[in-house]
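Each chain, letter by letter, is given below.
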Amino acid sequence: MVYTCFIYWEEITWKIIQLKSRFTMKLLNLLCVVVGLWRTCLTNGNCRNLFIDSCHCSSERSKKLGRQTFRVKVVCDDVELLDTLQPSFLPNKTVSLILSNNKISLLRNASFFGLTILEKLDLRNNLISTVEHGAFRGLVALRRLDLSNNRIGCLSPEMFVDLGNLSKLNLSGNIFSSLPVGLFTHLLSLEVLHFSTESLFCDCQLEWLLLWARANGVLLGNDTLCVYPTHLRGLEVHNLRETQLRCDEPLELPLFQLIPSQRQVVFRGDRLPLQCTVSYLDPSVTLLWHHNGDVVHSNEDRGVYVEDTLVHDCCLLTGEVVLSNINHSLSGIWECQVTSSRGNRSRQMEILVLETSAPYCSADRINSNKGDFRWPKTLAGILAFLPCAPSTFGYAPRPSGAASHHLTQREKKAWRRCDRAGRWAEDDYTQCPYASEVTRILHELTQMTINTSNAQPLAQQLVAFTSRAGDFSDVMDVIFVTHLVERLTRLVDQRRELGDYISDIASNMMLVEEHILWMAQNEARACTRIVQCVERIADLALTIDTQVISKVSPNIAMEAFLIRPSNFQGLSCMAVQRAPLPPFSGQRNQDAIGDTLLNFKCHTVNGNGSPSSQLSKNSAAVASIHLPLAGTPSPSALQSVDNSTCKLQFIVFRNGKLFPCTGNSSNLADDGKRRSVSTPVAFTKLDRCTLGSAVHSVTIALRHFALGVDPTAAYWDFDLLDGHGGWRAEGCHITDSLGSTTTIHCTHHNNFAVLMDLKKVLSFPRTLGSFCTRSCMPARPLCYSASSPPSSPISCTTAQSASVGRDGTCSSTSVSTRL
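Rules behind the numbers
Residues numbered from 1 in each chain as written. Predicted model: local features only at pLDDT ≥ 70, side-chain atom pairs only at ≥ 80, totals over all residues. Heavy atoms only, no water. Helix = DSSP H or I, 4+ residues; strand = E, 2+ residues; numbered from the N terminus. Buried < 20%, exposed > 50% of the residue type's maximum accessible area, 1.4 Å probe, protein only. Axes fitted to C-alpha atoms, helices over the stretch in contact; angles between N-to-C directions. Parallel < 35°, antiparallel > 145°, perpendicular 65-115°, else oblique. Left-handed = near helix turned anticlockwise from the far one by under 90°. Contact = heavy atoms within 4.5 Å. Nonpolar A, V, L, I, M, F, W, Y, C, P; charged D, E, K, R; others polar. Salt bridge = Lys/Arg side-chain N within 4 Å of Asp/Glu carboxyl O. Arc of directions from axis to C-beta. Pairing = 2+ DSSP bridges. Expected span 1.5 Å × (residues − 1). Bend = angle between axes of the 7 residues up to and from the residue. Disulfide = S-S within 2.5 Å.

A. Summary view of the overall build of the chain. A count of helical and extended segments in the chain gives 11 helices and 46 strands. In the chain, buried positions account for 48% of the 819 residues.

B. Structural context of the packing of helix α3 (residues 437–446) against helix α4 (residues 455–466). One way to put it is that α3 packs onto α4 with a least axis distance of 13 Å and a crossing angle of 160°. With respect to each other, α3 and α4 are oriented roughly antiparallel. Pair α3 / α4 crosses with left-handed handedness. Listed contacts from α4 to V438, I441, L442 and L445 of α3 are L458, L462 and F465. Its residues assigned to classes, the contact of α3 with α4 shows seven nonpolar, no polar and no charged.

C. How the structure looks around the environment of A541. Mapped onto the fold, A541 is located in helix α8 (residues 526–541). For the pair formed by A541 and E497, sequence separation is 44 residues and the distance between their alpha carbons is 8.9 Å. In this view, A541 contacts V492, R496, T546 and I549; residues no more than four positions away in its chain are not counted.

D. Structural context of the pattern of salt bridges. Applying the stated criterion across every chain, the model contains 21 salt bridges. In this structure, the salt-bridge partner of D419 is R423, at a minimum N-O distance of 3.8 Å. Judged by relative accessible area, which is 53%, R423 ranks as exposed. Between D757 and R674 there is a salt bridge, and its shortest N-O distance comes to 3.4 Å. Of the two residues, D757 sits in strand β43 (residues 751–757) while R674 sits in the loop between β34 (646–653) and β35 (676–677), which places them 83 residues apart along the sequence. With relative accessibility at 3%, the residue D757 sits in the buried group. Of the residues examined, R674 reaches a relative accessible area of 28% and is grouped as partly exposed. A single salt-bridge network, built from bridges that share partners, covers R674, R675, D710 and D757.

E. Examining helix α7 (residues 514–524) more closely. Of the residues making up α7, those classed as buried are I516, L517, A520, Q521 and A524. Along α7, the residues classed as buried sweep out an arc of 135° about the axis, all on the same side. With respect to the buried face of α7, the exposed residues turned more than 90 degrees away are E514, H515 and E523. Along its buried surface, α7 packs onto α5 (475–489), α6 (498–509) and α8. One or two steps after α7, the chain reaches R525, where phi turns positive at roughly 55°.

F. Seen up close, the sheet that holds strand β25 (residues 383–387). Taken together, the three strands give an open sheet; going across it, the order is β25-β26-β27, and neighbouring strands pair in antiparallel fashion. Lying at the two open borders of the sheet, with one neighbouring strand each, are β25 and β27 (424–428). Between one strand and the next, the sheet's axes are offset by a mean angle of 20°, whatever the strand orientation. Where β25 meets strand β26 (residues 413–418), five bridges bridge the pair, whose relative direction is antiparallel. Residue pairing in the sheet places L386 in a bridge with A414 of β26.

G. How the structure looks around the sheet that holds strand β14 (residues 286–291). Ordered in space as β12-β20-β19-β14-β15, the five strands form an open sheet in which the pairing is mixed. Looking at strand neighbours, the two that pair on one side only are β12 (264–267) and β15 (294–295), the edges of this open sheet.

H. Layout of the pairing of strand β42 (residues 741–746). The buried count for β42 comes to six of six residues, which makes it a mostly enclosed element. Residues T741, T743 and H745 line one face of β42 and the alternating positions T742, I744 and C746 line the opposite face, and both faces are buried. Looking at chain direction, strand β38 (residues 698–703) and β42 are connected through six bridges and run antiparallel. When the bridges of β42 are listed, A701 appears paired with T743. Bridge count for strand β41 (residues 732–738) against β42 is six bridges, and the pairing is antiparallel. Paired with S737 across the two strands is T742, which belongs to β42.

I. How the structure looks around α8. Here α8 spans 23 Å end to end across 16 residues, near enough to the 22 Å set by a 1.5 Å rise per residue. Taken as a whole, α8 carries its principal kink of about 30° at E535. α8 sits mainly inside the fold: 13 of its 16 residues count as buried.

J. A look at the state of the cysteines. Tallied over the full model, the rule gives nine disulfides. The disulfide that involves C204 links it to C247, with 1.7 Å between the sulfurs. One disulfide, between C204 and C247, carries an S-S torsion of -95° and so falls in the left-handed class. In this pair, C204 is assigned in the loop between β9 (192–194) and α2 (207–216) and C247 in the loop between β10 (219–220) and β11 (256–259), connecting sequence segments 43 residues apart. Paired by a disulfide, C361 and C418 hold their sulfur atoms 2.1 Å apart. Measuring handedness by torsion sign, the sulfur bridge of C361 and C418 sits at about 95° and is right-handed. Residue C361 is found in strand β21 (residues 360–361), and its partner C418 is found in strand β26; the two are separated by 57 residues along the sequence. According to the relative accessible area criterion, C418 is buried, its value standing at 0%.

Spelled out as structure tokens, the structure:
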């Protein structure tokens, strides 16, 4: 009894200990949560006034003079802000405010008033063109201000009121060409100054700055370089001597533009505006208009209106003359003259006025891959010129080595001839760059010299570049890539790793829209050339040292072998799609080029079943290739030319996009394009062997990715239709069908596929593998069904309207046709 009570008491004690332990653990967990929340509150409590969802705030504790304070940083980078934030929206303890990469265009007076402890303000990469007086008023603690890469042209000392503690200022990348005297009067603590621009003049107007910087110990950034005058271009401003800063040099203008700049043929009664724009270097710069040497003034009776000259952003001067209701008196030379204290410059253009009865080519608009060209009404027999559209670089990443070949804008012209009958005739846009940046970059890459030293990095860049091939919109994109792939292929025997990249590039090109691939094939046989490059990889890379080659990509799988005839017992390879492996150091990132990859699984031919049955057992398989057929004669039937080795190659293309038929194919397997490829395309090749009758033959099972009728087995003949290629059926026939799989047998090696009429479907399938087709015997349609038993195809009589039931049998139903 005592022993029993003791055991009972022990159990009670143990349970109490367990309860206490659980309670203690819960208490500790709760305490950790409370402490974490307390710390978060301490940190985020200083950001509670931030009302902008797209911005984020962080804070840190610091000890200053023995007292703990919080320093708050607010970041609103690249969030499409159109204006600065109201200071009341920000925590009052903000010491750093990042507003870069937005669309702010104006800094109003007291834009940041109230942020009394702000130390850093970043406004770079915005659209700021106007900075009002006192824009930074109240920022008495500010030490760093970045206004770089904006559109600021007007500068005045009043912009920097209250910035007495500012130590670093960046004004680079704006549009001013000089700095007015006394600009930094209020910046008593300035230590570092950057002000590089694309039109910076190092002349006498900048002499004050050198003297001021040296007297006040201000460091001028090394990146601040002279641009004008030409003889000082590239020199660092801080290294200049006062004697180099002169204003008695000949007048140089960063910008001087007359629009239109070419001769204009106009008709009586037309209206024509003339616009002149010039850099505004100093107040002495003025504009004058001349017509045949005479100064032009507004004359309402003649239809001449001289608009007032305007100054834009303190850096551009614009004048305009409008010629309304033109008559013959306005023919001749029109001139825009710039006058200044440093000299004069002028630009001219000619106007020719015609009667409306004269033959002419009507105004026309041409939108091409070189840009949008608006051809004016042009006199018969005249060669018209238009300037090329300026190159504007946007989204597309520029591969290294794709350096632009700059011509001046005046050299870049398109021309078009108006013949004597008043019809537009020949034209030439070759000087103009391509409008699409993708096309421009690819074109520049084709101008590069490719050798063994730069081939691999170029191929890597081209793989990344073509990973967005689905966005290619110009046929020239495909043609340029084809040209580059061919040049890389020539180097595979020296750099075998190039084969991987060529396979990936070709795979990526299968993402291009079909109509663009069709046009590229029609114009330059681009698809054929890409396929032939892929097929050459094994020929160039297989050696005694490299006897097996495997290529894996989203849309193309390759397997190639060096085989010895005496040991060859036949081979069966199945193309399977799988998810890509995670990348690791030293391996190319397959995730970047697709979600599923095609690869081969090969084994020697044995009695494990037919190609179609093997394919049906693996839902991830898309094709199965057997060489030779079961029951092959003795290995001596396969003999090597040099009695050593042969090259065997298998390739599977996910679809037929690289095999577009562009010519008249009415007598070919696709029956005038009525049939289309409905399966992957499988390629087989056996090289350097004398082929016995058995190994001439190949058996291929292909899984359908599209539904249709009237199937036929076919191979691609590169030589058809003047080298553009086409599908032929000779030597190939369908031998079996099982579910969504069709097996074909061919007596030669080539690219093989099953073609079907995809515009007609006799019934919509209940499952992906169920569909009906018409065989070569029109009296008896063949019904394919994934749910049908693995035997021969189900036969339907013509008296019945063929459709597939749930059990895989045919029943009499109405015919459903999709056009």
